[in-house]
Each structure stands twice: as structure tokens, then as C-alpha cells.
Amino acid sequence: MDMPAAEPCRRRRNLRGRSRPVIGQADVEGSRESQQHKPTALMASRRMETKPVITCLKTLLIVYSFVFWITGAILLAVGLWGKFILGPYISLIAENSTNAPYVLIGTGTTIIVFGLFGCFATCRGSPWMLKLYAMFLSLVFLAELVAGISGFVFRHEIKGTFLRTYNEAVQNYNAQDERSIAVDNVQRNLRCCGVLNYTSWFSSVYFPLNGIPPSCCANISDCHSSDMKNATIAATKVHQQGCYELVTSFIETNMGIIAGVTFGIAFSQLIGMLLACCLSRFITANQYEMGTYV
């Protein structure tokens, strides 16, 4: 009598046992592998998105480095030109011998070297080289900024120095030394005479024996040595405007342009710094992801 009642209980227990799924070791390992593949696939997609950015930054930085290299070549050429061609003129502006041409030559050479280094670092994709390149650009930026501000602020002192040195060159003129030749070139090229005017020559050591130099003549074929010794006749045959006014007027007119160009070149270094830093950061992040997940 009790057997039929016990049979449904066994069936219920069996059904409960069958309804429970059995989790095997293979299922656990499969879920782990799927979890590991998800971040790997995500990092791979991120690397695919990063590569065009790196390529674009490399292209821009190479173009910038080439332009930067050209500015170095220009500075080097200006330094050499100042040393061999403008040396006498520079001596009229500076009280003592100046190292400006050597500074330009050294700066231009350094920029040429680091411009090539920047191209090499960009092509190689070395983060530490790019950081070094960015550091050098920051130093160039500070140097050019200081030079531009100093030239603009002290332009009046430059004018005062030129007035003294040019007056000394006129008073001690002998038509033979370097500064005397520079005075002749200034007067001939700018069509001027003396410091403030031709009367500056009356107090020079050259005038009592030789008169006013021929470089002051408005028409060289109409100037005779005897006429140049006569103050009255010479006044009618020489340029009436003094050289100091022309030179200082040139400085005043072009100082703003020179300062603007200097500041523009200086702030262009910020572009190179940002490009180098961004490229270094992207390359470092890309290498870290590859090393971690590949």
C-alpha cells in the first residue's frame, strides 16, 4: 500500500537533479579566454586609431624641422656676411669690438645640427630624442625672446652709442683704417656727409690738410681737393644731410619690423615643441600598449 506513494517522491527528486546544469572546467576556461580577448581586441583597435595620428604628427614635425633647418642656414649666412662684409659698419655702431657675427654663426650652426637631429629623431620615432629636441627648441625660444625684447627696449641706447662712435670715427678719420673706410662707405651709399651735417668735418684731424673727404661729394667729378679744403666752396658741393639722422631713422622705422619677425620666429618654436612632445607621448603610449597586451 505504501509503494505507490514513494514512487512520485523519487521522480520529483530525479527531476530536480536533472534541472541543475553541470559547469565543467572547459566552460570556465572559455569564459576566461573571452574576457582576455576583449581588452586585447580593444587595445588593437586603439593602436589602429593611433597610427594615423602618429603618421600625421611625424609629417608635420619633419616639415617643421626642415623649415627650422633653413632658418639656421639663413642665420649662418647672415653671420658670415656680417663678419666679412659688414664688419666695418658694425664697428661704427659698437664702441668696442663686437661678437655679434660670431654669435650668429654659432647659433646658425647649432640650429642646423639640431634641425637635422629633429628630422632623424622624428623618422626614428625615439621618445627620448624627441624630448631632447623639444628641450632645445624651448632654449632657442627663450634666447630669441630675450634678444627681441632687449633690442626693442635698448634701441635708444643703440642710437646713443652710434652717435658717439660715429663722431669719434669722423674726428679721427685718416682715409686708411677700417673705420675710416666704413665712414666713406656710409657717406657714399646713403648720400650723406658728417655726423649731423658736413660741418662735423671742420673739427676733424683730416680737414686742415685734406679738407672734406671726397665720399661727401654730391658729384664726384665736380669735387677738387682745393675746393674741399675751402669751407665755403665745399658747402655747395657736398651732401647737406648728416649720416646720423639717416641711420637712426632707419633703425626707428625698421625696429618694429625686426622685433616682430624675431618674436614670430621665437613663437614658432612653440609649435615645434608641442609637436615633438605630442609625438613622443603618442609613441610612448603605443609602445606601452603593445608591450602589455601583445
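Calculation notes
Residues numbered from 1 in each chain as written. Predicted model: local features only at pLDDT ≥ 70, side-chain atom pairs only at ≥ 80, totals over all residues. Heavy atoms only, no water. Helix = DSSP H or I, 4+ residues; strand = E, 2+ residues; numbered from the N terminus. Buried < 20%, exposed > 50% of the residue type's maximum accessible area, 1.4 Å probe, protein only. Contact = heavy atoms within 4.5 Å. Areas by Shrake-Rupley, 256 points an atom, 1.4 Å probe, with all protein chains shown as cover. Core = buried A, V, L, I, M, F, W, Y, C linked by side-chain atoms within 4.5 Å. Salt bridge = Lys/Arg side-chain N within 4 Å of Asp/Glu carboxyl O. Phe/Tyr/Trp six-rings, centres within 6.5 Å; stacked < 30°, edge-to-face > 60°. Disulfide = S-S within 2.5 Å. Expected span 1.5 Å × (residues − 1). UniProt positions renumbered as here; feature names shortened; annotations may be inferred.

Student: What should I look at first to understand the overall build of the protein chain in this one?
Tutor: Along the backbone of the protein chain there are 11 helices and 0 strands. The order of α-helices and β-strands along the protein chain, N terminus first, is α-α-α-α-α-α-α-α-α-α-α. Taken across its 294 residues, the protein chain has 33% of its residues classed as buried. Sequence-distant contacts in the protein chain: of pairs separated by 6 or more residues, those separated by 24 or more amount to 73%. Of the roughly 18,100 Å² of accessible surface on the protein chain, 65% is carried by carbon and sulfur atoms.

Student: Would you explain the nonpolar core in this entry?
Tutor: In a soluble, globular protein the nonpolar side chains are often hidden away together inside. In this structure, Leu92, Tyr166, Val183, Cys193, Trp201, Ile212 and Val238 are the most contacted members of the largest nonpolar core, which totals 28 residues. At the level of elements, α6 (155-171), α7 (178-190) and α11 (243-293) are the ones that each hand at least two residues to this core. For Ile212, the contacting residues outside a window of four places in its chain are Cys193, Tyr198, Trp201, Phe202, Tyr206, Phe207, Met228, Ala234 and Val238. Formed by 19 residues, the second largest nonpolar core is a distinct cluster that contains Tyr133, Val140, Leu279 and Ile283.

Student: Please clarify how the pattern of salt bridges should be interpreted in this entry.
Tutor: Any two side chains of opposite charge can pair, given that their charged atoms come close. A complete count under the given rule lists 2 salt bridges for this structure. Asp222 is the salt-bridge partner of Lys237, the closest N and O atoms lying 4.0 Å from each other. Here Asp222 lies in the loop between α8 (207-210) and α9 (225-229) and Lys237 lies in the loop between α10 (231-234) and α11, a separation of 15 residues in the sequence. Since its relative accessible area comes to 38%, Asp222 is described here as partly exposed. When the shortest N-O distance is used, the salt bridge between Lys237 and Asp227 registers 2.7 Å. In this pair, Lys237 sits in the loop between α10 and α11 while Asp227 sits in helix α9, placing the two residues 10 residues apart along the sequence. By relative accessible area, which is 17% here, Lys237 ends up buried.

Student: Is there a simple way to think about the packing of aromatic side chains in this case?
Tutor: For any pair of aromatic rings, the description consists of the separation of the ring centres together with the inter-plane angle of the planes. Overall, the coordinates contain 12 aromatic pairs when judged by the stated rule. Look at Phe68 and Phe136: their rings are 6.2 Å apart centre to centre, the planes differ by 70°, and that puts the pair in the edge-to-face class. Here Phe68, found in helix α2 (residues 25-84), pairs with Phe136, found in helix α5 (residues 127-153); they are 68 residues apart in sequence, far enough to count as distant. In terms of burial, Phe68 and Phe136 fall into one category: buried. A centroid spacing of 5.0 Å and a plane angle of 55° characterise the contact between Phe202 and Phe207, whose relative ring orientation is tilted. Residue Phe202 is classed as partly exposed on the basis of its relative accessible area of 31%. Three or more aromatic residues joined by ring pairs form one cluster here, namely Tyr64, Phe68, Phe114, Phe117 and Phe136.

Student: What exactly am I supposed to notice about the state of the cysteines here?
Tutor: Applying the stated rule across the entire model yields 3 disulfides. Linked covalently through their sulfurs, Cys192 and Cys243 form a disulfide whose S-S length is 2.0 Å. The disulfide joining Cys192 to Cys243 has a torsion of about 95° about its S-S bond and is therefore right-handed. Taken together, the residues Cys192 in the loop between α7 and α8 and Cys243 in helix α11 connect sequence positions 51 residues apart. In this structure, Cys192 and Cys243 share a single accessibility class: buried.

Student: It is not clear to me how α7 should be interpreted in this structure. Could you clarify?
Tutor: The periodicity of an α-helix, 3.6 residues per turn, causes residues three or four positions apart to be oriented the same way. Here α7 spans 18 Å end to end across 13 residues, near enough to the 18 Å set by a 1.5 Å rise per residue. Of all the positions in α7, only Ser180, Ala182, Val183, Asp184, Val186 and Gln187 are classed as buried. Within two residues after α7, Arg191 carries a phi angle of roughly 55°, on the positive side.

Student: How do you make sense of the UniProt feature "transmembrane region" (unreviewed entry) in the protein chain when you look at a structure like this?
Tutor: Feature annotation in UniProt places "transmembrane region" (unreviewed entry) on residues 56-82, 102-120, 132-154 and 257-280, given in this structure's numbering. What you have in residues 56-82 is 100% helix and 0% strand, and the ends, taken at the C-alpha atoms, are 39 Å apart. The annotated region residues 102-120 carries 100% helix and 0% strand content, and the separation between its end C-alpha atoms amounts to 27 Å.

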